[in-house]
Amino acid sequence: NFDRVKQLFCEKKKKPAMKKFAAALASSSKLVTSNSEENNETPKEEEKKKKEIPTVLENSKLQNYGIVLSTLGLKEDEVKKALLQADLSLLTVERLEKLLQLVPTEEEQKKLNLYKGDKTKLCAAERFLYLLLELP
């Protein structure tokens, strides 16, 4: 019995599927390398560049703003409309306290006002801060 178990589990078998997979992997890496050489960028750099979102403020601040913003439970346009109309059915005391936490500092306001790029491409937190700056 031991010899049979040894024969089944220890015997090296040729695996044609693995050879095909290895060949396919090698040819695809050649394609990636040739594309990267043309752009002088690695595949990771290309992917990062595609996902890159412009930011105006520090990431830690944006993260904090994003957390508070997500707890509001309202969309940007709903908040703007509620603030302009002083809609107390949406603007509960709790939500108003959270909104106060989102008011940008003077320094942040200056940075935001100096940004001349496409504001629609900014992260949700910065777009919301722009919305707050536009309010009278």
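Please refer to the structure higher up on the page.
Presented here is an overview of the structure given in this document. (Residues numbered from 1 in each chain as written. Predicted model: local features only at pLDDT ≥ 70, side-chain atom pairs only at ≥ 80, totals over all residues. Heavy atoms only, no water.)

Okay, the overall build of the protein next. Counting secondary structure elements, the protein contains eight helices and zero strands. In sequence order, the protein lays out its α and β elements as α-α-α-α-α-α-α-α. Among the 136 residues that make up the protein, the fraction classed as buried is 21%. Contacts in the protein between residues far apart in sequence, at least 24 positions, make up 67% of those at least 6 positions apart. With an accessible surface of roughly 10,900 Å², the protein has 56% of that area assigned to carbon and sulfur atoms. (Helix = DSSP H or I, 4+ residues; strand = E, 2+ residues; numbered from the N terminus. Buried < 20%, exposed > 50% of the residue type's maximum accessible area, 1.4 Å probe, protein only. Contact = heavy atoms within 4.5 Å. Areas by Shrake-Rupley, 256 points an atom, 1.4 Å probe, with all protein chains shown as cover.)

Another aspect to go through is the nonpolar core. Val56, Leu57, Leu72, Leu99, Leu102, Phe128 and Leu132 are the most contacted members of the largest nonpolar core, which totals 24 residues. Contributions of two or more residues to this core are made by α4 (59-72), α5 (76-85), α6 (93-102) and α8 (124-134). For this core, the leading source of residues is α8, giving six residues. Look past the residues within four positions of Phe128 in its chain and what remains in contact with it is Leu69, Leu72, Glu76, Val79, Leu99 and Leu102. (Core = buried A, V, L, I, M, F, W, Y, C linked by side-chain atoms within 4.5 Å.)

What follows covers the packing of helix α7 (residues 106-114) against α8. Following both chains from N to C, one finds α7 and α8 inclined at 100 degrees, their axes separated by 11 Å at the closest point. It follows that α7 is roughly perpendicular to α8 by the angle criterion. Across the interface between the two elements, Gln109, Leu112 and Asn113 from α7 touch Leu129, Tyr130 and Leu133 from α8. Residues belonging to the contact of α7 with α8 are distributed by class as follows: four nonpolar, two polar and no charged. (Axes fitted to C-alpha atoms, helices over the stretch in contact; angles between N-to-C directions. Parallel < 35°, antiparallel > 145°, perpendicular 65-115°, else oblique. Nonpolar A, V, L, I, M, F, W, Y, C, P; charged D, E, K, R; others polar.)

A word on the pattern of salt bridges. Tallied over the entire structure, the rule returns five salt bridges. Salt-bridge contacts for Glu76 lead to Arg127; the nearest nitrogen and oxygen are separated by 3.7 Å. Of the two residues, Glu76 sits in helix α5 while Arg127 sits in helix α8, which places them 51 residues apart along the sequence. Between Lys80 and Glu134 there is a salt bridge, with the nearest N and O atoms lying 3.9 Å from each other. Within this pair, whereas Lys80 is found in helix α5, its partner Glu134 is found in helix α8, the two being separated by 54 residues in sequence. (Salt bridge = Lys/Arg side-chain N within 4 Å of Asp/Glu carboxyl O.)

For Ala86, which is not glycine, the phi torsion reads 50 degrees and is therefore positive. Relative to the elements of secondary structure, Ala86 occurs in the loop between α5 and α6. Ala86 gets classed as exposed once you look at its relative accessible area, which sits at 51%.

Positionally, Lys116 belongs in the loop between α7 and α8. Residue class for Lys116 comes out exposed when judged on its relative accessible area of 70%. Side-chain polar atoms of Lys116 contact the backbone oxygen of Asn113, separated by 3.5 Å. (Polar contact = N/O pair within 3.5 Å; in protein donor to acceptor, adjacent residues only side chain to side chain.)

For α4, built from 14 residues, the straight-helix expectation of 20 Å at 1.5 Å per residue is met to within 8% by its first-to-last C-alpha distance of 20 Å. Three or more residues of α4 are buried, namely Leu62, Tyr65, Val68, Leu69 and Leu72. Take α4 and look down its axis: the buried residues cluster within an arc of 130 degrees, on one side only. In α4, those exposed residues whose orientation departs by more than 90 degrees from the buried face are Asn59, Gln63 and Ser70. (Expected span 1.5 Å × (residues − 1). Arc of directions from axis to C-beta.)

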